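Structural characterization, general
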Amino acid sequence: MSTENLPQSPEQPSRKPRVAVVFGGRSSEHGISVVTAGAVLAAIDRTKYDVLPIGITTDGRWALTADEPERMAITDRRTPSVEELAESSEGGVVLPVDPASREVVYTEPGSVPKALGEVDVVFPVLHGPYGEDGTLQGLLELSGVPYVGSGVLASAVGQDKEYMKRVFTSFGLRVGPYVVIRPREWAQDESAARKRIVEFAGEHGWPLFVKPARAGSSIGITKVDDLSGLDEAIAEAQRHDPKILVEAALRGREIECGVLEFEDGPRASVPAEIPPPDAHAYYDFEAKYIDSTPGVVPAPLTEEQTAEVRGLAVEAFEAASCEGLVRADFFLTEDGEFVINEINTMPGFTPISMYPKMWQESGIAYPELVDRLVQAALRRSTGLR
């Protein structure tokens, strides 16, 4: 029987992809994550995407939050929190655990669970442990929900500075001298662990940088000029991570480079230089986010140096099996060699952050950068790839 003359159902308009922006989290970088989320929410194209903001409180509750980017800014030198933005002090958002469904559900005590609709992609703007380190990525893999940024392995490697350096070394990238003190080593014999650091200083000289091995945004880092400041620096690093990393100071210029995944593979931005901040001993948290110490974009390098650092940034991206985006940080030493310090798989992403600034100078404005990251995530499937 022909269906040619039968009435046809009108085509249903295809819905816009739904992006869940997940932010906050349990790490000490909670506040900067909220600031980043505000910038993403303000920039994402609402004619192209539906948006669902989901905040994770400092105690780990997933909360439905107000979609009000203007409330997610640093004010009076203070970062915002998810607790201030949550629509309820008890309600929780639950992601699907069945890869066949992408339905997000909201629950409150004593109320019937409420379906919030399907999510097509998650934009996780969490920094530090319990979000940037592969834990959230593993949850999303189990749920079958695509997400912006690197997968489980690359996220974990990018968070743990020890193993990041081991990976880079295995791929022939030059790293600076360092020593690691693990929790068990410190618990069993503090004096022996401290002696290892002192011997390291004897070999490489003071100052040293003592830092949490698995933290970011320069939180918990202390520049130690001599033995008298060592114990306090260790205690400060251990407040954020029981595993600490001690690095020798490298004399040279701080150079950063952004990497972005395009359809044909990763490309590097123009590099930037971070000049020594006048009011700070080094480029610490306050210099980065509170006082907004400006970087120089593009970095005043020779054409050869620019090409070299861009190539090294892509090499680092590939070495750690990264996806989506990375900011690669280098030292240009006094002997003219680039030494990679670290990568960030979810770098600071506020409009004043260096990653967006480098891409702005490279011809990609902030809203387009957000769109490219979402599109890259939508192109990828979860699972082995």
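Residues numbered from 1 in each chain as written. Predicted model: local features only at pLDDT ≥ 70, side-chain atom pairs only at ≥ 80, totals over all residues. Heavy atoms only, no water.

Helix-helix packing is described using two parameters, namely the angle between the two axes and the distance between the axes. Running from N to C, helix α4 (residues 152-159) and helix α5 (residues 161-170) point in directions that differ by 110°, and their axes come no closer than 5 Å. Here α4 lies roughly perpendicular to α5, going by the angle between them. Of the residues in α5, those touching α4 at Val157, Gly158 and Gln159 are Lys161, Tyr163, Met164 and Val167. Residue classes in the contact of α4 with α5 are distributed as four nonpolar, two polar and one charged. (Axes fitted to C-alpha atoms, helices over the stretch in contact; angles between N-to-C directions. Helix = DSSP H or I, 4+ residues; strand = E, 2+ residues; numbered from the N terminus. Parallel < 35°, antiparallel > 145°, perpendicular 65-115°, else oblique. Contact = heavy atoms within 4.5 Å. Nonpolar A, V, L, I, M, F, W, Y, C, P; charged D, E, K, R; others polar.)

Turning to the environment of Val21, a few remarks are in order. One can find Val21 in strand β1 (residues 18-24). A relative accessible area of 0% places Val21 in the buried class. Between the alpha carbons of Val21 and Glu199 there is a distance of 46 Å; along the sequence they are 178 residues apart. (Buried < 20%, exposed > 50% of the residue type's maximum accessible area, 1.4 Å probe, protein only.)

Within soluble globular proteins, side chains that are nonpolar generally end up buried alongside one another. Membership of the largest hydrophobic core comes to 35 residues, with the highest contact counts inside it found for Val21, Phe23, Phe123 and Phe349. Where this core is concerned, the elements lending two or more residues are β1, α1 (30-43), α2 (82-85), β7 (121-124), β12 (252-262), α11 (354-361) and α12 (366-379). Apart from residues no more than four positions distant in its own chain, Val21 is found in contact with Ala37, Val40, Leu41, Val51, Leu52, Pro53, Ile54, Phe123 and Val125. Among the nonpolar cores identified, the runner-up in size contains 28 residues, and Ile255, Ala299, Ala319 and Ile340 belong to it. (Core = buried A, V, L, I, M, F, W, Y, C linked by side-chain atoms within 4.5 Å.)

Bringing the packing of aromatic side chains into the picture now. Within the structure shown, the criterion is met by five aromatic pairs. Judged by centre distance (6.0 Å) and plane angle (50°), the rings of Phe262 and Trp359 are tilted. In this pair, Phe262 is assigned in strand β12 and Trp359 in helix α11, connecting sequence segments 97 residues apart. Here Phe262 matches Trp359 in class, with each residue buried. (Phe/Tyr/Trp six-rings, centres within 6.5 Å; stacked < 30°, edge-to-face > 60°.)

A regular strand places its side chains on the two faces of the sheet in alternate fashion. When you tally the buried positions in β12, you get eight out of 11 residues, the bulk of the element. Relative to strand β15 (residues 325-333), β12 runs antiparallel, the two sharing nine bridges. When the sheet's bridge partners are listed, Arg253 is paired in β15 with Leu332. In this sheet, strand β14 (residues 272-274) lies alongside β12 in antiparallel orientation, the contact comprising three bridges. By the bridge assignment for β14, Glu256 is matched with Ala272. Across four bridges, the pairing between β12 and strand β13 (residues 265-268) is antiparallel. Bridge assignment links Leu260 to a residue of β13, and that residue is Arg267. Here β12 folds back onto β13 in antiparallel fashion, the turn holding two residues. (Pairing = 2+ DSSP bridges.)

Let's shift gears to the pattern of salt bridges. Tallied over the full model, the rule gives 29 salt bridges. Notably, a salt bridge pairs Asp120 with Arg15, separated by 2.7 Å at the nearest N-O pair. Of this pair, Asp120 sits in the loop between β6 (114-118) and β7 while Arg15 is found in the segment before β1, placing the two residues 105 residues apart along the sequence. Using a relative accessible area of 14% as the deciding quantity, one classes Asp120 as buried. When the shortest N-O distance is used, the salt bridge between Arg196 and Glu185 registers 2.6 Å. Here Arg196 is found in helix α7 (residues 190-204), whereas its partner Glu185 is found in helix α6 (residues 183-188), with 11 residues between them in sequence. (Salt bridge = Lys/Arg side-chain N within 4 Å of Asp/Glu carboxyl O.)

Right, let's talk about α5 for a bit. Every buried residue of α5 is accounted for by Lys161, Glu162, Met164, Lys165, Val167 and Phe168. Buried residues in α5 make contact with α4, β8 (178-181), β9 (208-212), β11 (244-248), α10 (303-319) and β16 (338-344). The opening residue of α5 is Asp160, an N-cap whose side-chain oxygen sits 3.1 Å from the backbone nitrogen of Glu162. (Polar contact = N/O pair within 3.5 Å; in protein donor to acceptor, adjacent residues only side chain to side chain.)

Turning our attention to the sheet that holds strand β3 (residues 62-64). Sheet strands pair via backbone hydrogen bonds, and the direction of the pair is either parallel or antiparallel. In spatial order, the strands read β3-β2-β1-β7; together these four strands make up an open sheet with mixed pairing. Edge strands, defined here as strands with exactly one partner in the open sheet, are β3 and β7. In this sheet, neighbouring strand axes are inclined to one another by 30° on average, regardless of whether the strands run parallel or antiparallel. Across the sheet, α1 touches β1, β2 (50-56) and β7, and the angle it forms with β1 is around 155°. Lying on the sheet, α12 is in contact with β1 and β7; it crosses β7 at an angle near 130°.

In short, shape yes, function no, at least from these values alone.
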